[in-house]
Amino acid sequence: MSIIAVIDYGMGNLRSVSKAIEHVAPGVDVRVTDDPSVVRDADRVVFPGQGAMPDCMRELRGRGLYQAVMDAACDKPFLGICIGLQMLFERSEEGDTPGLGILPGRVRRFAHEMVGDNGQKLKVPHMGWNEVEQRIEHPLWDGIAQNTRFYFVHSYYPDPENADLTAGISRYPGAFVCAAARGNLFAVQFHPEKSAAAGLKLLANFATWSPVASGLRATA
Amino acid sequence: MALAKRIIPCLDVTAGRVVKGVNFVGLRDAGDPVEIARRYDDQGADELTFLDITASSDDRDLILHIIESVAAQVFIPFTVGGGVRAVSDVQRLLNAGADKVSINTSAVHNPQLVADAAGRYGSQCIVVAIDAKRTPGTGPLRWEVYTHGGRKATGLDALEWGRKMQTLGAGEILLTSMDRDGTRVGFDIELTRAFSDALEIPVIASGGVGNLEHLADGVLQGRADAVLAASIFHYSEYTVRQAKEYMAGKGIEVRL
């Protein structure tokens, strides 16, 4: 039986993620785990995250999961969600926190006092259902229509150094990267586990995705 | 292309069952929270809110079973409120599978609870519910915060209180007009507008919805980020989809 590890570093509700994957991939053994060896043995890895990035990074290191995540991000089908996407980058403006540095770029905060097309003030966090424009063809977008809405809740967003990492964008009000992809990595700012049918489809796609590993080992 | 305004059906739960008639055609069990949640999801609800009105603390844990079941079968965000007194309550609800926890009376008794819960779990999962009632008189419009389901006045100015909750880390405000709740004559638009304009975090308008025009008014005039309603959906007067189609016809961005 194929194993999907959902990395648990103690930052809240992971039930939604694990239940959603179980729902779309009944033949898969979904393991919510803080055990590095389970992460190493898994076929696929989901890296979720919520709360504040400084806390997430601290917990990840404190629980001895740092190296297992770095390794998995090199050679396994790997799905980052929300803070799990943000942590892949080099640095975040949230508490000026260093990330894992797997993807080049920074994580920035939405501006204060943003105004939408109709003159209404735009609130932060960016919370709710927004359209996602797919910028590349990718197996994880299979069966999901262009500009489908996904559920977001975040105040920070990734700003990759290279445009070729961009798998999808959303607008609030300016365009921002809401999905990044490279080799075996796919990471999304929205919450597929809370995005009804479209989100479940993305998770189902991930459960069967067999990318060629990026081969960029972080350590010897 | 823009963020959609959210429509949120609200369900009152006591001792593990939904109360107030939910009247879906073909529903096997009108009190089963999971079945009702699934129906609203099918209709296109953007989120769900469960309000635990259980009186006896003995039955409090029943909500956890509901949360677990809903989380396993309904894949849209849901908020749980009612009886949240400590960070440990927030933790239990989130661990059971709730996406957000709503804090009302306890925030008034202990504002630090909001800061502690947001600090530990993130602002994204902390909703502060404010029950506001107009202060009588001829001066400028003011509203007072009430607690205990609108029975106890606190002396707090609602708008100042909302700003304070934002500062302490609330991720959004669920704003209920005590003057309008249950009246079905529409939201208190001035109240909604005052909060939406004053705060940087999203505001959910609640209290008084009797028809679809009221929902649209909450967004267009009240500038709410989301609208919450109970009875118009429960009694099958309107489906969530009808509400969204109506709002879309008024030029409001919705998820259809």
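As the structure is a prediction and not an experimental result, all values here were calculated from the model.

### Quick notes on the overall build of chain B
- Within chain B, the regular secondary structure consists of 10 helices and 11 strands.
- Scaling as 2.2 N^0.38, a compact globule of 256 residues should have a C-alpha radius of gyration of about 18 Å, and chain B matches this with 17 Å.
- The C-alpha extent of chain B, read off along each of the three principal axes, is 50 × 45 × 35 Å.
- In chain B, which comprises 256 residues, the share counted as buried stands at 57%.

### As for the confidence of the model for chain B
- For chain B, the mean per-residue pLDDT works out to 93, and 98% of the residues sit at or above 70.
- The ipTM value of the predicted complex is 0.95, and its pTM value is 0.95.

### Points about the sheet that holds strand β12 (residues 156-160) of chain A
Residue and element names in this part refer to chain A.
- An order of β6-β5-β7-β12 is seen for the four strands of this open sheet, with the pairing classed as mixed. Sheet topology places β6 (97-98) and β12 at the edges, where each strand pairs with a single neighbour.
- Bridge analysis of strand β5 (residues 91-92) against strand β7 (residues 105-109) gives two bridges, and the strand direction is parallel. Bridge pairing links S92 to V107 in β7.

### Quick word on the side chain of A:R44
Residue and element names in this part refer to chain A.
- Note on placement: R44 falls in strand β3 (residues 44-47).
- The side chain of R44 is buried and forms no salt bridge, while D43, the nearest opposite charge, is found at 5.9 Å.
- Within the structure, the side chain of R44 is placed 3.1 Å from the backbone oxygen of F206, a separation counted as a polar contact.
- Here W209 takes part through its backbone oxygen, which lies 2.8 Å from a polar atom of the side chain of R44.
- Excluding residues within four positions of it along the chain, R44 makes contact with S2, I3, I4, A5, P77, F206, A207, T208, W209 and S210.

### A look at the packing of aromatic side chains
- What the rule picks out here adds up to 14 aromatic pairs over all chains.
- Where A:F206 meets A:W209, the ring centres are 6.2 Å apart and the plane angle is 50°; that geometry is what we call tilted. Both residues of the pair, A:F206 and A:W209, belong to the buried class.
- Ring centres of B:F50 and B:F78 lie 5.8 Å apart, and the angle between their planes is 85°; this geometry places the pair in the edge-to-face category. Of this pair, B:F50 sits in strand β3 (residues 48-52) while B:F78 sits in strand β4 (residues 78-81), and the two are 28 residues apart along the sequence.

### Describing the pairing of β12(A)
All names here are of chain A.
- For β12, the tally of buried residues reaches four of five residues, placing the bulk of the element in the interior.
- Pairing between β7 and β12: five bridges, direction antiparallel. Counterpart to R109 in the pairing with β12 is Y156.

### Regarding the interface of chain B and chain A
- Every contact between the two is made by 45 residues of chain B and, on the other side, 39 residues of chain A.
- Here chain B packs against chain A, burying approximately 3300 Å² in sum over the two surfaces, 52% of which is carbon and sulfur.
- Put simply, A:K194 and B:D99 hold a salt bridge, and the shortest N to O gap is 2.9 Å.
- At the surface where chain B touches chain A, the tally comes to 22 residue pairs in polar contact (both at pLDDT 80 or more).
- Secondary structure elements with two or more residues in the side of chain B that touches chain A: α2 (62-73), α3 (87-96), α5 (112-121) and α7 (189-198) of chain B.
- Residues that form the side of chain B that touches chain A fall into these classes: 22 nonpolar, seven polar and 16 charged.

### Let's talk about helix α8 (residues 212-220) of chain B
Residue and element names in this part refer to chain B.
- Taken together, the buried positions of α8 are occupied by L212, H214, L215, A216, G218 and V219.
- Of the surrounding secondary structure, the elements contacted by the buried residues of α8 are α7, β11 (226-229), α9 (231-234) and α10 (240-249).
- Near the N-terminus of α8, the side chain that reaches the backbone nitrogen of E213, with its oxygen 3.0 Å away, is that of N211.

### Examining the pairing of strand β6 (residues 126-134) of chain B
Residue and element names in this part refer to chain B.
- For β6, a buried count of seven out of nine residues is recorded, marking the element as mostly surrounded by other parts of the structure.
- Note: strand β5 (residues 100-103) against β6, three bridges, orientation parallel. Residue pairing in the sheet places V101 in a bridge with I126 of β6.
- The pairing of β6 with strand β9 (residues 172-177) spans six bridges and is parallel.

### Things to note about the pattern of salt bridges
Residue and element names in this part refer to chain A.
- This model, assessed by the stated rule, comprises 28 salt bridges over all chains.
- Residues D159 and R108 are paired through a salt bridge, measuring 2.7 Å at the closest nitrogen-oxygen approach. You can see D159 sitting in strand β12 and its partner R108 sitting in strand β7, a full 51 residues away along the chain.
- One network of salt bridges, with partners in common, ties together D55, R58, E59 and R63.

The rules behind these values
Residues numbered from 1 in each chain as written. Chains lettered and ligands numbered in written order. Predicted model: local features only at pLDDT ≥ 70, side-chain atom pairs only at ≥ 80, totals over all residues. Heavy atoms only, no water. Helix = DSSP H or I, 4+ residues; strand = E, 2+ residues; numbered from the N terminus. Rg over C-alpha atoms; globule rule 2.2 N^0.38 Å. Buried < 20%, exposed > 50% of the residue type's maximum accessible area, 1.4 Å probe, protein only. pLDDT = per-residue confidence, 0-100. Pairing = 2+ DSSP bridges. Lys, Arg positive; Asp, Glu negative; His and termini not counted. Salt bridge = Lys/Arg side-chain N within 4 Å of Asp/Glu carboxyl O. Polar contact = N/O pair within 3.5 Å; in protein donor to acceptor, adjacent residues only side chain to side chain. Contact = heavy atoms within 4.5 Å. Phe/Tyr/Trp six-rings, centres within 6.5 Å; stacked < 30°, edge-to-face > 60°. Buried area = accessible area lost by both parts, 1.4 Å probe. Nonpolar A, V, L, I, M, F, W, Y, C, P; charged D, E, K, R; others polar.

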